[in-house]
Amino acid sequence: MRIKSILLSWFRGAATPVSLEPNCMSMVVYGVNGSGKSSFVDAIEYVQKNGKIGHLAHEYSGKNQEKGIPNTHRPKCEKTEIRVTLKDGNELGIEIKSDGSSVRSGAGACEIDAWEYHRTVLRQDEVANFIHATKGGKYSALLPLLGLHPMEVAAENLRQLGKSIDQQAKLSDSKTTLRQIETKKKATFGTKSDVEILEIVEKLHSKYCQDKKETKAELSRCEQLEQQLNTRIAQLSTDGRRHIALQGAAHLSLKIQVDAVRAASVKLASVVEPLITEKLEILEFTNIFVNKLEDKETEVTCPACGRAIPANSFQMHVNAERKRLEETIKIFNDRRSAIGALSDTVKSLKSYLGKADVQPWRDQLVKESYSENFLHLDSLDGEALRTSCEEEHLKGIEDKLLPLIAKAAADSKDAPPDAKQLSIDKHTVEVAKEAINANDQVATVIRAESLISFIKSLEEGIRKEIRSQSKTIIAEISADIRVMWDILHPGKAIEDICLYVPKDADKAIDIRLKFYDVDQDSPRLTLSEGYRNGLGLCIFLAMAKREGDKDRPLFLDDVVVSFDRLHRGMVVGLIEKEFSKRQVVILTHDREWYTELRQLLDEKTWVFKTLLPYESPDIGIRWSHKTTTFADARGQLKDRPDSAGNDARKIMDVELSFIADRLQLKLPYMRAEKNDKRTAHDFLVCLIADGKSVYQKKFEKDYVIHSEAIEALEKADRLLLAWGNRASHSFDIVRPEATKLIDACEKALDSFKCLSCDKRVTFTEAAGSKWVQCQCGNMRWQYGKT
Amino acid sequence: MASDPSWVSTRINEAHKANPSVAESVLKNVEELLKAQMSERQLSSKELAEIAKTLIAANIAAPPEAEADK
């Protein structure tokens, strides 16, 4: 949707309402530096970035940029306002309050909100931004164009979902438990298979549960067995029961578990300590980050790696950091599981040695200098170990509890045979029961793992799809960039420019090219600033071209500053060729380029306007009623009449060269650069001489020589010779003379414009390409001398 | 993208081929999620935890194909 007008009131440089009115056509706006051109671009950026302007994102502009957005001299009774009117008549109005907050209204918001700033506006300082951006930054800039955002979101959600399934299924804990059960199983049954273990259980069942109802359920068998064994143990003598409790304690693998916790702690420390140091430094910058994240376009410096990254890339960057921490998190979870197992074992030891039957054994040991060991055992809180298990706890367990287990093992060696057998069988059944239970747990773990694997495959598949689609779209954009580059730099030895997805890298895009047949991984390696800017312009235009079907406007704000004259000319060809069906708004402070654009671009589809030099904030931005640039010259009359006169002469040099070109004026041959250095006087001499016979205006039904125009040209020539040269070389010109010179020059140029249709005599060809004429045909010029 | 989610089915089928033991109900569930909120916005950890629970339950409720085939 094209723009009809942009009206500003007390916004940036604007004072009383001033309107940029392309009327849905393309437009070239000329204004010297500071005349207020960029205020219109600022308005578009403000609208698209929800109240933020990139170049105002600094510490002095205020939270809502309220110190930079309103005109500094706005009277209290006036409002700061932007009003954008679209082709369909819909409007977006924004009223900006003193605190920088704003109120939006109008049906135009819907359309304008859909525009992507980076594909709508290109400013002078942003031309090479894409080239200088990181690979991730380039990817972020291209992502909306690639249309792959939903896939990116899906892939990231899947990545997080995989981790969530891991947590919800408690996979780490389950795996640790299964490892421990496997260790016990091996210690008790050696290399026996599950079937052989079940056979052992069956035999024990036959031995102890003859009177019990036969059951085929393996777990029920174990439970019946445990019940029977406990009954038999309860019937044993106190000595027998004590032996069994001590054997239970002796079977505990406390030493292995202490070692496991210690090993996990060492592993964790080796990765965590440097990380904590690094993260502490990151914390210092976190506040700055959070504040800056409000503006998604602002570049912020990553506290982790120091690179400047756009805020909207930060999310991706953080995710990469989290990925880096995944290994640490796994080690952390392993340690937690090891501590959990140790905690359970300590609780079992307390339970075995806390039994009433064991009390006499304990009393005896207290007398034998084990009192501290039991004091330590009693004071140890198994559950508290889960939350705090440091080296001192491990050392305490080793020093005080392991001797108790060793003593229990030694003293239970000589148990009565029946008690000994019952103890062995009880342990066998307990381990078998755990092993049978573990089979279910294994199945649960396998299911959870297969689910995670499925989610991971899906994520990888989507990322593959993203890469594949990116490549296709990037190839199309690259082709456009090459076409545009060739228009800007025909015959140059910089070829095969293309965007590409680096190998083995997600969310990254870079640019490569051939420089005199040598492959270059970056344009920054060999291209000059001017060429880099040229390439930046091509990239912007190639990306903007992809939105061609939406007919959205393009704003080019002083983008050719670093281009030489030749390449500025090429930009005109590029825009005409590739963007003839789009609304393009070019803003420039380059008078020569403006003149060139005015001559080369088709007046049927382009509007040309000039801004008056800025005087003061309360006067604000003002349009000149002329399309020429004499307002600049007049702006200097007060203080520098010589400069004003010099400007008038320069304007005539450039303007007349274009007119001469369009009229196919025949001039004396001059070699090489001299041809380009002809002055206004050289052109005027020929224009006057030829014009007397070929410049005609309509009078009633016939054409007559346009004598008023010839007179205007003659007067301008006379004054340029008399005062123009003085203004340029000896600075000896007074204000009235300079005023007369400017007026005469302006009148001379106006003499090529039709008073009826307001178009120049060079507007269009007529009568078999022999004549050019204005739009209505009231004025005409026959090519060449007759 | 919700209106043109052909990539969802294709990618789910591919991932399923690589992980055939995942239950059909999980596939359906994930497909629906990918065609809706999972492609539209970044989900919160709470929302993802809920989805994770549902998928774990769905994957346990249905016997894995590999086992069912035995």
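Bear in mind the structure is a predicted one, so any value in this text is a computation, not a measurement.

Criteria and cut-off values
Residues numbered from 1 in each chain as written. Chains lettered and ligands numbered in written order. Predicted model: local features only at pLDDT ≥ 70, side-chain atom pairs only at ≥ 80, totals over all residues. Heavy atoms only, no water. Contact = heavy atoms within 4.5 Å. Buried area = accessible area lost by both parts, 1.4 Å probe. Salt bridge = Lys/Arg side-chain N within 4 Å of Asp/Glu carboxyl O. Polar contact = N/O pair within 3.5 Å; in protein donor to acceptor, adjacent residues only side chain to side chain. Helix = DSSP H or I, 4+ residues; strand = E, 2+ residues; numbered from the N terminus. Nonpolar A, V, L, I, M, F, W, Y, C, P; charged D, E, K, R; others polar. Core = buried A, V, L, I, M, F, W, Y, C linked by side-chain atoms within 4.5 Å. Buried < 20%, exposed > 50% of the residue type's maximum accessible area, 1.4 Å probe, protein only. Pairing = 2+ DSSP bridges. Axes fitted to C-alpha atoms, helices over the stretch in contact; angles between N-to-C directions. Expected span 1.5 Å × (residues − 1). Parallel < 35°, antiparallel > 145°, perpendicular 65-115°, else oblique. Left-handed = near helix turned anticlockwise from the far one by under 90°. pLDDT = per-residue confidence, 0-100. Disulfide = S-S within 2.5 Å.

Enquirer: Even after reading the chapter, I still don't get the interface of chain A and chain B, so can you show me in this structure?
Expert: You'll often see interface size given as the accessible area lost when the parts meet. Residue-level contacts link 27 residues of chain A with 34 residues of chain B. Both sides of the chain A and chain B interface together cover about 2600 Å² of buried area, and 69% of this is carbon and sulfur. Among the residues chain A hides against chain B, the three largest losses belong to Asn157, Arg447 and Phe454 of chain A. Together they make up 26% of the total. Between chain A and chain B we count one salt bridge in total. Residues Arg11 of chain B and Glu465 of chain A are paired through a salt bridge, measuring 2.7 Å at the closest nitrogen-oxygen approach. At the boundary of chain A with chain B, the tally comes to 12 residue pairs in polar contact (both at pLDDT 80 or more). At the level of elements, helix H5 (149-168) and helix H15 (417-488) of chain A are the ones that each hand at least two residues to the side of chain A that touches chain B. The leading source of residues in the side of chain A that touches chain B is H15 of chain A, at 13 residues. Looking at the side of chain A that touches chain B residue by residue, the classes come out as 13 nonpolar, 10 polar and four charged.

Enquirer: Teacher, can you tell me more about the nonpolar core here?
Expert: Across soluble globular proteins, you tend to see nonpolar side chains buried next to one another. Counting residues in each nonpolar core, the largest one holds 94 residues, and the members touching the most others are Leu161, Phe454, Ile462 and Leu556 of chain A together with Leu34 of chain B. Considering each element in turn, this core owes the most residues, 18 residues, to H15 of chain A. Those residues in contact with Phe454 of chain A that lie beyond four places of it in its chain are Ile12, Ala15, His16, Asn19, Val22, Val26, Leu27 and Val30 of chain B. Listed in part, the 45 residues of the second largest apolar core include Phe683, Leu741, Ala744 and Cys757 of chain A.

Enquirer: Help me out: how do you make sense of the sheet that holds strand S16 (residues 695-699) of chain A in this one?
Expert: Note: strands within a sheet are paired through backbone hydrogen bonds, in either parallel or antiparallel orientation. Residue and element names in this part refer to chain A. Strand order in the open sheet formed by five strands is S17-S16-S20-S19-S18, with antiparallel pairing between adjacent strands. A single partner strand is all that each edge strand has here, and the edge strands are strand S17 (702-705) and strand S18 (764-766). When strand polarity is set aside, the average angle formed by the axes of neighbouring strands in this sheet is 35 degrees. Sheet topology places S16 next to S17; four bridges connect them, and they run antiparallel. When the bridges of S17 are listed, Phe699 appears paired with Asp702.

Enquirer: I'm lost on helix H24 (residues 735-750) of chain A in this one. Help?
Expert: An α-helix turns once every 3.6 residues. As a result, residues three or four positions apart point the same way. An ideal rise of 1.5 Å per residue puts 22 Å on 16 residues; H24 of chain A measures up with 22 Å between its terminal C-alpha atoms. Of all the residues in H24 of chain A, the buried ones are Glu737, Ala738, Leu741, Ile742, Ala744, Cys745, Glu746, Ala748 and Leu749 of chain A.

Enquirer: I keep staring at the packing of helix H18 (residues 591-600) of chain A against helix H20 (residues 641-662) of chain A and nothing clicks. Help me out?
Expert: Angle between the axes and distance between the axes are the two parameters that describe a pair of packed helices. Residues and elements named next belong to chain A. Axis separation between H18 and H20 bottoms out at 10 Å; the angle between their running directions is 25 degrees. One finds that H18 runs roughly parallel with respect to H20. For the pair H18 and H20, the sense of crossing is right-handed. Across from Arg591, Glu592, Thr595, Glu596, Arg598, Gln599 and Leu600 in H18, the residues of H20 making contact are Asp647, Lys650, Ile651, Val654, Glu655, Phe658, Ile659 and Arg662. Among the residues forming the contact of H18 with H20, the class breakdown is five nonpolar, two polar and eight charged.

Enquirer: Quick question: what am I supposed to make of the environment of Ser643 of chain A here?
Expert: With respect to the helices, strands and loops of the structure, Ser643 of chain A is situated in helix H20. Between the C-alpha atoms of Ser643 of chain A and Ser728 of chain A, which are 85 residues apart in sequence, the distance is 7.5 Å.

Enquirer: Explain the sheet that holds strand S6 (residues 102-105) of chain A here, please?
Expert: Residue and element names in this part refer to chain A. Strand order in this open sheet of five strands is S2-S1-S4-S5-S6, and the pairing throughout is antiparallel. A single partner strand is all that each edge strand has here, and the edge strands are strand S2 (18-20) and S6. Adjacent strand axes in the sheet meet at a mean angle of 15 degrees when their direction is disregarded. Relative to S6, strand S5 (residues 91-96) runs antiparallel, the two being bridged by four bridges. In the strand pairing of S6, Ile94 is matched with Arg104. Running at roughly 100 degrees to strand S1 (residues 3-9), helix H1 (residues 37-48) makes contact with S1, S2, strand S4 (80-86), S5 and S6 of the sheet.

Enquirer: I keep staring at the confidence of the model for chain B and nothing clicks. Help me out?
Expert: Residue and element names in this part refer to chain B. A residue-level look at chain B finds 79% of positions with pLDDT of 70 or above and a mean pLDDT of 81. The element-level mean pLDDT for chain B is lowest in helix H5 (residues 65-69), coming to 45, with helix H2 (residues 24-35) highest at 92. Per the prediction output, this complex has pTM 0.61; the corresponding ipTM is 0.90.

Enquirer: What is the right way to look at the state of the cysteines in this model?
Expert: Among covalent bonds in proteins, the disulfide is the one between the sulfur atoms of two cysteines. Residue and element names in this part refer to chain A. Going through the model one piece at a time under the given rule, you end up with zero disulfides over all chains. Lacking any disulfide linkage, Cys222 is separated from the closest cysteine sulfur, that of Cys209, by 9.9 Å. Its relative accessible area of 0% is what places Cys222 among the buried residues. Left unpaired, Cys754 is separated from the closest cysteine sulfur, that of Cys776, by 3.6 Å.

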